[in-house]
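One-letter residues, chain by chain:
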Amino acid sequence: MHEETVYDALTGTHDDAAHWAFGSGFDDPLAGVDTTVPDGVDAADLGGYCLMLGDDALVLSQRLTEWLTRSPELEEEVAFGNLALDLLGQARLLLARAGSVGFLGRSRERATDTIPHEDALAFFRDPAEFRCSALMAADGGDFARTLVRLLVAATWRLAIFARLTTSRDPVLAAIAGKGIAELRYHRDHAARWVLRLGDGTAESHRRAQDAVDAIWPLTADLCSPTDVETRLRDAGVAVDPREVQEEVREVLTHVLEEATLQVPPWPGPTPPRGRLGQHGPEVAELVGTLQSLARRHPAATW
Amino acid sequence: MTELTAEGGHGAVPTGPSVPAGDGGVRSSWPLYEVFVRGKRGLNHVHVGSLHAPDDEMAVHAARDLYTRRNEGVSIWVVRSAHVTASSPDEKDPLFAPSGDKVYRHPTFYEIPDDVPHI
């Protein structure tokens, strides 16, 4: 009988003992999915919608990544890294979908031909071409504000993705199906923290309440659909954000009440801004950091 | 400032962007947990490391984030390190040496056929 290392018990299939560090049992969520644009759907609309959801994930991922080397605890640092990577994966799939239906804008002119669509879109668009919502792009603030924003963002995105699994676009449905488990974990992670911060010390409660008061107004334009979303909703591809409003509010109210936090009045709907590329200066700064390396060395590989 | 313990030290180093240090020492009171993970084809949980967490529920989820990143496990156990009773290295001789010369405790006198699976 051969000596087993402790890690043999942890890997699934392994034909080469040296590969335990690379894990095992991975599968591709988009394997075998039909990528043609469904009938009656405008490719530009579909690409624009994928960018909305993809930019949300990309920008929020970047905000979470800003905590790396700055987190209060090592465990939280790795958690932020995992959350950011989940969202980056969603962003990659969505941006790739936008690119594959031809929605590239001017990013292709600026990027070299060798990089994939999602990289061109991520690194060579200008801030005004990003379609993220203000909630995702807002500054992280302190730990409480980051977790409260994550709670709101993840709850909202999970509700949207839960309905997207029946989209007529098979790729969107597959992306949503994969993302749901991730987003449920994000929401639960944020909720666990909000419960402990709200129902914690006087200091954590104060910071959590300040965070809630600051984040709530950012939800104002989340539920105002653009024309693109309305057309795609009619075509059975997208989700009208107004449909999820009540469910999201119920979940958030429940969590905040358990955390002994005051729920601020819900902001009335305002016309979409972020979805149309109208952003504050924080997006320009975030995009500048995100793209700085790629823009300086467009053909870099490693 | 509490003394630096041998527990890994990261809990003793102030970090974080805007959290004041004078917080009543709450951060330094996160207990240490030992983490055990069972793989998809494993029969038993294996000790993979330790972490600090504010309570049991957060410890399980922190273990998910820290120790199952590479698709390793299906089950996680966390135990407070304070609840683990360990043998002392000083007692190594009286505890373990006597079994070294008792050959009759090992099944060395049986012939195991080649087609009997790994025991």
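Residues numbered from 1 in each chain as written. Chains lettered and ligands numbered in written order. Predicted model: local features only at pLDDT ≥ 70, side-chain atom pairs only at ≥ 80, totals over all residues.

(A) Looking closely at the overall build of chain B. A tally of regular secondary structure across chain B gives two helices and three strands. What you see in chain B, going N to C, is helices and strands ordered as β-β-α-β-α. (Helix = DSSP H or I, 4+ residues; strand = E, 2+ residues; numbered from the N terminus.)

(B) Representation of helix 2 (residues 74–100) of chain A in the model. Residues and elements named next belong to chain A. For helix 2, with 27 residues, the first-to-last C-alpha span of 39 Å sits near the 39 Å given by 1.5 Å per residue. Across the 27 residues that make up helix 2, a large majority, 19, are buried. Gly 102 sits one or two positions beyond helix 2 and adopts a positive phi of about 90°. (Expected span 1.5 Å × (residues − 1). Buried ≥ 20, exposed ≤ 12 C-beta atoms within 10 Å, placed from the backbone.)

(C) Representation of the nonpolar core within the structure. Counting 96 residues, the largest nonpolar core has Leu 94, Leu 147, Val 148, Leu 151, Val 194 and Ala 208 of chain A as the members making the most contacts within it. It is helix 6 (residues 143–164) of chain A that contributes the most residues to this core, 15 residues altogether. (Core = buried A, V, L, I, M, F, W, Y, C linked by C-beta atoms within 7 Å.)

(D) Quick peek at the pairing of strand 2 (residues 46–52) of chain B. Residues and elements named next belong to chain B. Direction of pairing for strand 1 (residues 32–39) relative to strand 2: antiparallel, over a ladder of six bridges. When the bridges of strand 2 are listed, Tyr 33 appears paired with Leu 51. The antiparallel hairpin formed by strand 1 and strand 2 contains six residues in its connecting segment. (Pairing = 2+ DSSP bridges.)

(E) Region of the structure containing the sheet that holds strand 3 (residues 73–80) of chain B. All names here are of chain B. Read across the open sheet, the three strands follow the order 2-1-3; overall the sheet is antiparallel. On the outer flanks of this sheet lie strand 2 and strand 3, each paired with one strand and no other. Averaged over all pairs of adjacent strands, the angle between strand axes in this sheet comes to 30°, irrespective of strand direction. Two elements, strand 1 and strand 3, share seven bridges in a ladder whose sense is antiparallel. Each residue of the ladder has a partner; that of Arg 38, found in strand 3, is Ser 75. (Axes fitted to C-alpha atoms, helices over the stretch in contact; angles between N-to-C directions.)

(F) View of the confidence of the model for chain B. All names here are of chain B. Put simply, chain B has an average pLDDT of 75, and 75% of its residues get 70 or more. pLDDT under 50 marks residues 1–26. Its contacts with residues more than four places away, or in other chains, come to 26 contacts. Here the predicted complex carries an ipTM of 0.79, next to a pTM of 0.83. (pLDDT = per-residue confidence, 0-100. Contact = placed C-beta atoms within 7 Å.)

(G) Local environment of the packing of helix 7 (residues 170–198) of chain A against helix 8 (residues 202–215) of chain A. Residues and elements named next belong to chain A. Orientation of helix 7 relative to helix 8, taken along the N-to-C sense of each, is 125°, at an axis distance of 7 Å. The pairing of helix 7 with helix 8 is recorded here as oblique in orientation. Packed against helix 7, whose contacting residues are Val 194, Leu 197 and Gly 198, the element helix 8 presents Ser 204, His 205, Arg 207 and Ala 208 at the interface. When grouped by side-chain class, the residues that make up the contact of helix 7 with helix 8 number three nonpolar, three polar and one charged. (Parallel < 35°, antiparallel > 145°, perpendicular 65-115°, else oblique. Nonpolar A, V, L, I, M, F, W, Y, C, P; charged D, E, K, R; others polar.)

(H) Summary view of the confidence of the model for chain A. Averaged over chain A, the pLDDT score is 89; the fraction of residues at 70 or greater is 90%. In this model residues 18–23 of chain A is a low-confidence stretch, pLDDT under 50, and it forms nine contacts with partners more than four residues away in sequence or in other chains.

(I) Representation of the environment of Glu 76 of chain A within the structure. Relative to the assigned elements, Glu 76 of chain A resides in helix 2. Sequence spacing of Glu 76 of chain A and His 254 of chain A is 178 residues, and the spatial spacing of their C-alpha atoms is 24 Å.

(J) Region of interest: the environment of Leu 158 of chain A. All names here are of chain A. As for its position among the elements, Leu 158 is in helix 6. Overall, Leu 158 belongs to the buried group, with 24 C-beta atoms counted inside 10 Å. Between the alpha carbons of Leu 158 and Leu 51 there is a distance of 17 Å; along the sequence they are 107 residues apart.

(K) Main features of the packing of helix 2 of chain A against helix 7 of chain A. Residues and elements named next belong to chain A. Packing of helix 2 against helix 7 leaves a shortest axis separation of 11 Å and a crossing angle of 165°. Considering their axes alone, helix 2 and helix 7 lie roughly antiparallel with respect to each other. Handedness of the helix 2/helix 7 crossing: left-handed. Where helix 2 approaches helix 7, its residues Ala 79, Leu 83, Asp 86, Gln 90, Leu 93, Leu 94 and Arg 97 are matched on the opposing element by Val 171, Ile 175, Gly 179, Glu 182, His 186 and His 189. Among the residues forming the contact of helix 2 with helix 7, the class breakdown is six nonpolar, four polar and three charged. (Left-handed = near helix turned anticlockwise from the far one by under 90°.)

(L) Representation of the environment of Asp 56 of chain A. All names here are of chain A. The topology assignment puts Asp 56 in helix 1 (residues 43–65). Exposure remark for Asp 56: the 28 C-beta atoms within 10 Å place this residue in the buried category. Taking C-alpha positions, Asp 56 is 9.2 Å from Arg 157, a pair spaced 101 residues apart along the chain. For Asp 56, the residues in contact, after removing those within four places along its chain, are Cys 132, Ser 133, Met 136 and Arg 157.

(M) How the structure looks around helix 1 (residues 56–67) of chain B. With twelve residues, helix 1 of chain B extends 16 Å between its outermost C-alpha atoms, agreeing within 8% with the 16 Å of an ideal straight helix rising 1.5 Å per residue. Of the residues making up helix 1 of chain B, those classed as buried are Met 58, Ala 59, Ala 62, Ala 63, Asp 65 and Tyr 67 of chain B. Taken around the axis of helix 1 of chain B, the buried residues stretch over an arc of 165°, which confines them to a single face. Its buried side turned inward, helix 1 of chain B meets helix 2 and helix 7 of chain A together with strand 1, strand 2 and strand 3 of chain B. (Arc of directions from axis to C-beta.)

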